[in-house]
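Residue-level listing of the chains:
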There are 2 protein chains.
Amino acid sequence: MKYLAEIDIMPQKEILDPQGKAVKLGLHNLNMDTIDNVRIGKHIRLEVEADSEAQARETVDAACRQLLANLIMEEYSITLKTA
Amino acid sequence: MKYLAEIDIMPQKEILDPQGKAVKLGLHNLNMDTIDNVRIGKHIRLEVEADSEAQARETVDAACRQLLANLIMEEYSITLKTA
């Protein structure tokens, strides 16, 4: 069965995010000064072929740990649905 | 009222994603060959101060159109919740 995984990889709360700071300044310069606390990360969408949702989640989790996320500085969350 | 916006910015379906292709190859080299169709985009999390959810969505939508997304090559989706 085919599953669609949506992965968010964000800098950990304790880590400064200079890119987010710069974007916040840019938005304020466009007069959108109601926006605050901008943080920027990656969004990854992929398909997994697996027998069950648990197996699919295990594969995607291994992919995050081994390649996609840098666990020293980033945290990830996974959402799975059937494709 | 404070709203938390989660924004996904992804390359449009018609656009090649060489970064996603490279990551797919990397995952296959790690023996995760059940994974396919990897696409990589940005995830942005921000807070908006607004009177209503509609107003918050309007602000975030304007931010996407004017600064965050390149609408020629990317598409965006917004999820809002109260912070």
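Above this note sits the structure.
The text that follows walks through the structure, step by step, so that each part is easy to find. (Residues numbered from 1 in each chain as written. Chains lettered and ligands numbered in written order. Predicted model: local features only at pLDDT ≥ 70, side-chain atom pairs only at ≥ 80, totals over all residues. Heavy atoms only, no water.)

### Details of the sheet that holds strand β1 (residues 2-11) of chain A
Stated formally: At least two bridges found by DSSP between two strands are what make those strands a pair. Each helix is a run of DSSP H or I of at least 4 residues and each strand a run of E of at least 2, with the numbering of both proceeding from the N terminus. Note on geometry: axes are C-alpha line fits, over the in-contact stretch for helices, and angles between N-to-C directions span 0 to 180 degrees. Residues are treated as being in contact if the distance between any of their heavy atoms lies within 4.5 Å.
Reading across the sheet, the six strands line up as β3(A)-β1(A)-β2(A)-β2(B)-β1(B)-β3(B) and stay open at both edges, with antiparallel pairing between neighbours. A single partner strand is all that each edge strand has here, and the edge strands are β3 (74-82) of chain A together with β3 (74-82) of chain B. Here the average twist between neighbouring strands, direction ignored, is 25°. Inspection of the sheet shows β1(A) paired to β3(A) by nine bridges, in the antiparallel sense. Residue Leu4(A) lies in a different strand from β3(A), and its bridge partner there is Lys81(A). Of the strands in this sheet, β2 (35-49) of chain A together with β1 (2-11), β2 (35-49) and β3 of chain B are in contact with helix α2 (residues 53-68) of chain B, which crosses β3(B) at around 150°.

### Concerning the interface of chain B and chain A
How we decide: What counts as buried area is the accessible surface, traced by a 1.4 Å probe, that two parts surrender upon association, with contributions from both included. Criterion for a salt bridge: a side-chain nitrogen of Lys or Arg within 4 Å of a carboxyl oxygen of Asp or Glu. As used in this structure description, the phrase polar contact means that two N or O atoms lie within 3.5 Å; if the pair is within protein, one of them must be able to donate a hydrogen and the other to accept it, and residues adjacent in sequence are counted only when both atoms belong to side chains. Throughout this entry, Asp, Glu, Lys and Arg are counted as charged residues, while Ala, Val, Leu, Ile, Met, Phe, Trp, Tyr, Cys and Pro are counted as nonpolar. The remaining residues, Gly among them, count as polar.
Taken together, the contacts link 29 residues of chain B with 29 residues of chain A. Together chain B and chain A conceal approximately 2600 Å² of surface at their shared face, both sides included; 64% is due to carbon and sulfur atoms. Linking chain B to chain A there are zero salt bridges. Counting every contact that joins chain B to chain A gives twelve residue pairs in polar contact (both at pLDDT 80 or more). Elements represented by at least two residues in the side of chain B that touches chain A include exactly β1, α1 (18-29), β2 and α2 of chain B. Ranked by residues supplied to the side of chain B that touches chain A, first place goes to β2(B) with 15 residues. Partitioned by chemical class, the residues of the side of chain B that touches chain A number 15 nonpolar, seven polar and seven charged. Of the pairings in the sheet, the one linking β2(A) to β2(B) comprises eleven bridges and is antiparallel in character. Paired with Ile44(A) across the two strands is Ile40(B), which belongs to β2(B).

### Regarding α2(B)
Put simply, the test is: A 1.4 Å probe rolled over the protein chains alone gives each residue an accessible area, and that area as a share of the maximum for its type sets the label: buried under 20%, exposed over 50%, partly exposed in between.
Within α2(B) the residues assigned to the buried category are Ala56(B), Thr59(B), Val60(B), Ala62(B), Ala63(B), Cys64(B) and Leu68(B). Contact partners of the buried residues in α2(B): α1 (18-29) and β2 of chain A together with β1, β2 and β3 of chain B.

### Quick word on the relation of the copies chain B and chain A
For clarity, the threshold we go by: The least-squares superposition of copies is restricted to C-alpha atoms, and to residues with a pLDDT of at least 70 in both copies.
Expressed as a screw transformation, the operator carrying chain B onto chain A has a rotation angle of 180° and an axial translation of 0.0 Å, and the superposed copies differ by an RMSD of 0.0 Å. Accordingly, the operation relating the two chain copies is best matched by a two-fold axis. Within chain B, the C-alpha atom positioned nearest to the axis of rotation is that of Lys42(B), 2.2 Å from it. A high fraction, 100%, of the interface residues of chain B reappear at the interface in chain A, so the copies pair face to face through one surface.

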